[in-house]
Amino acid sequence: MTSGSPDRALLPTCLTAALAAFAPAVAPGQSEDADRPAFSDVVDVQLVNVEVWVSDNRGRPVTGLGPEDFEVREDGDPVTVDFFSEVTDAVSGRPLEAGAPAPEPESTAGGAVAEPAHLVLYFDDLHLGPASRKQAIEDLRAFLDEEKFPAERVLIFRQDRDLVTEAYFGSSREELDIALERIGASPGMGGQSQQAKRLAVQRLNQLWQDARVLASSGSSRRTTAPAPCESFVRRALPEVENSARIGRDRIGATLDHLTTTVRFLAALPGLKTLLYISDSLERSPGADLRDFITGVCPAGDRFRSLTPVEELSTGFHELTRHANANRVTIYSLQTNGLRSSFLSLAEQSSIDFQGANPFNSSVREVERGGMAVLADETGGRAIFNRNQFGGELEQIANEMASYYSLAYRPPHGGDRGEHQIRVRVRGRNLQVRHRRGYRDKSSDQRMSEQLDGALYLGLVENRLGVRLGAGRVRAAGGGKRRLPLHVMVPAARVAFLPFEDKEMAQIRVEVASRHAQTSKVVRDEKTFLVEAPPDRDTRTLDLVFNIDIPDGLNLVAVGVRDDATRETAFVSTTLAVGEGAR
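Quick notes on the rules
- Residues numbered from 1 in each chain as written.
- Predicted model: local features only at pLDDT ≥ 70, side-chain atom pairs only at ≥ 80, totals over all residues.
- Heavy atoms only, no water.
- Helix = DSSP H or I, 4+ residues; strand = E, 2+ residues; numbered from the N terminus.
- Buried < 20%, exposed > 50% of the residue type's maximum accessible area, 1.4 Å probe, protein only.
- Polar contact = N/O pair within 3.5 Å; in protein donor to acceptor, adjacent residues only side chain to side chain.
- Core = buried A, V, L, I, M, F, W, Y, C linked by side-chain atoms within 4.5 Å.
- Contact = heavy atoms within 4.5 Å.
- Phe/Tyr/Trp six-rings, centres within 6.5 Å; stacked < 30°, edge-to-face > 60°.
- Lys NZ or Arg CZ within 6 Å of the ring centre and 35° of its normal.
- Pairing = 2+ DSSP bridges.

### Overview of the environment of N385
- By the secondary structure assignment, N385 is in the loop between β11 (382-383) and α9 (390-401).
- Classification of N385 as partly exposed rests on a relative accessible area of 36%.
- A polar atom in the side chain of N385 sits 2.6 Å from the side chain of R368.

Here is the structure:
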């Protein structure tokens, strides 16, 4: 399996689109001439959706606000809220039927049912130990047993060096329980990380002892004993750098996998809540060991600027802006709870310095740094200092169900840049929580990400009423088969623009296939220029796309976009060809 690609259970059968029966081509005048209508002149402006949670100074949710109560600014400038609703029941909201168009955002202050909320459980085994994980899994099971959130709208990922899909959307309660049991039985690597840091502390302590002995032996030959700090810090810095390097590698893998997850979720409409479950996620690996140095050797403060501690701010920024663009809100749940200190009493007594308590505080702060950023920047919450999580899980479900939904047209018109968002309630001292910014994306990038969601998670959205048909398979060499894939689109769903003495539509088709055994992905795209048929209200456009796929079972995802309206559809199916076909 390639790193970053989920590999368990190829796709959920409840979400795949079955191949339609083969039909003859019926679209007249297909061509790829250079002379085309001005489809590129279409302005591609997406609404910016902002979910807002409002509470009073005691943390109680505030309801009953209207659009006039909110002020929204993008990059410091006020924007007009075009659509507003107070969502009251997104958890029990029912998914749309396959192929049905999504409802328009509501512009009323009354209660509204939004697109159904979805929950992603994300276990970071690189930073999660088996002992601390146990209670979280027990509480998650109890939460699911209470049926306060529909099992079919829960997705479970587990991440170590690879990203594994343990349960897909559409799973039953029993299937979720099996996935949680499987996760609970995995060893996890968080304990290794903790042990490595303890060993680093022991080595630093030994370096300090050696420096003191060296300074003491030199005092018999000098009038003034040399301070041990200079030699200690010089020898300690490589130890900190080595530990930080290992930490950066581990954290980088987590950020990469979280980014992949967020990318997959782009295909899912509405609010997505990702519960990141871990013991720690450092933003500044090595910062606590640096503080250890200055604890045993206060004079080491003057060496602080030389200490190789690097914040991973860029990686966190990239991830959270990506999550915000895809409407993914992250809640961070630290599973090691109310651990009093990193160093045990025996370890503290073996270290002859007065900074044990500050160092323990530093470890706690560093462990939580990245977890806090994920939550703060995406509008979620970081959950620390808990040994049981049932109450927090219930509160998260309540927040997924009820919030204010605001949407506005961005003033920049789709510039693909980064933009900050600020929301406040006028005239009242209330706490407001929301995503803090987003990165604008081109329609091509959005389409590519949604295609990934269809390919890896089976997430389909078929507003164009697309059906798939298969032509005759032929050998293509190299263990591959050439398959004519017929992408059939009702002409009535497509916009035809005047061009000379005709009306034409430009339709972009992207295809991605993934082999079941090797996980190798093949992508291709093609733009079709199609003349309007005279009976467009009843005619189906047949867009033929030749794909070469390896022998065996393949998952094929297809994305279709009407370039005039930017309306898109995503469908997926499984194909078995050649040797190994069943």
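### Considerations on the nonpolar core
- If you look at the biggest cluster of nonpolar residues, it comprises 39 residues, and the most contacted ones within it are F157, L274, Y276, F316, L374 and L457.
- Residue contributions to this core peak at six residues, all from helix α10 (residues 443-457).
- What F316 contacts, discounting residues up to four positions off in sequence, is I251, L255, L281, E282, R283, G370, V373 and L374.
- By size, the runner-up hydrophobic cluster in this structure holds 36 residues, among which are V87, L128, I156 and I396.

### Digging into the packing of aromatic side chains
- A complete count under the given rule lists eight aromatic pairs for this structure.
- With 6.4 Å between their ring centres and 55 degrees between their planes, Y122 and F157 make a pair best called tilted. With Y122 in strand β6 (residues 118-124) and F157 in strand β7 (residues 154-159), this pair connects stretches of sequence that are 35 residues apart.
- Taking relative accessible area as the criterion, Y122 reaches 0% and is therefore assigned buried.
- Residue F157 is classed as buried on the basis of its relative accessible area, which comes to 0%.
- Ring centres of W208 and F232 lie 5.3 Å apart, and the angle between their planes is 70 degrees; on these two criteria the pair is classed as edge-to-face. Of this pair, W208 sits in helix α3 (residues 190-219) while F232 sits in helix α4 (residues 229-264), placing them 24 residues apart in sequence. F232 carries the same exposure label as W208, and that label is buried.
- An aromatic cluster is present here, built from F70, F84 and Y404 joined pairwise through their rings.
- One Lys or Arg, R153, reaches over the ring of F149 and ends 5.8 Å from the middle of that ring.

### Some words on the pairing of strand β24 (residues 552-562)
- Burial analysis of β24 places ten of its eleven residues in the buried class, the great majority of the element.
- Taken together, the nine bridges between strand β21 (residues 502-515) and β24 define a ladder with antiparallel strand orientation. Across the sheet, the residue bridging to V511 is V558, located in β24.
- For β24 and strand β25 (residues 567-577), the ladder comprises eleven bridges, and the chain directions are antiparallel.

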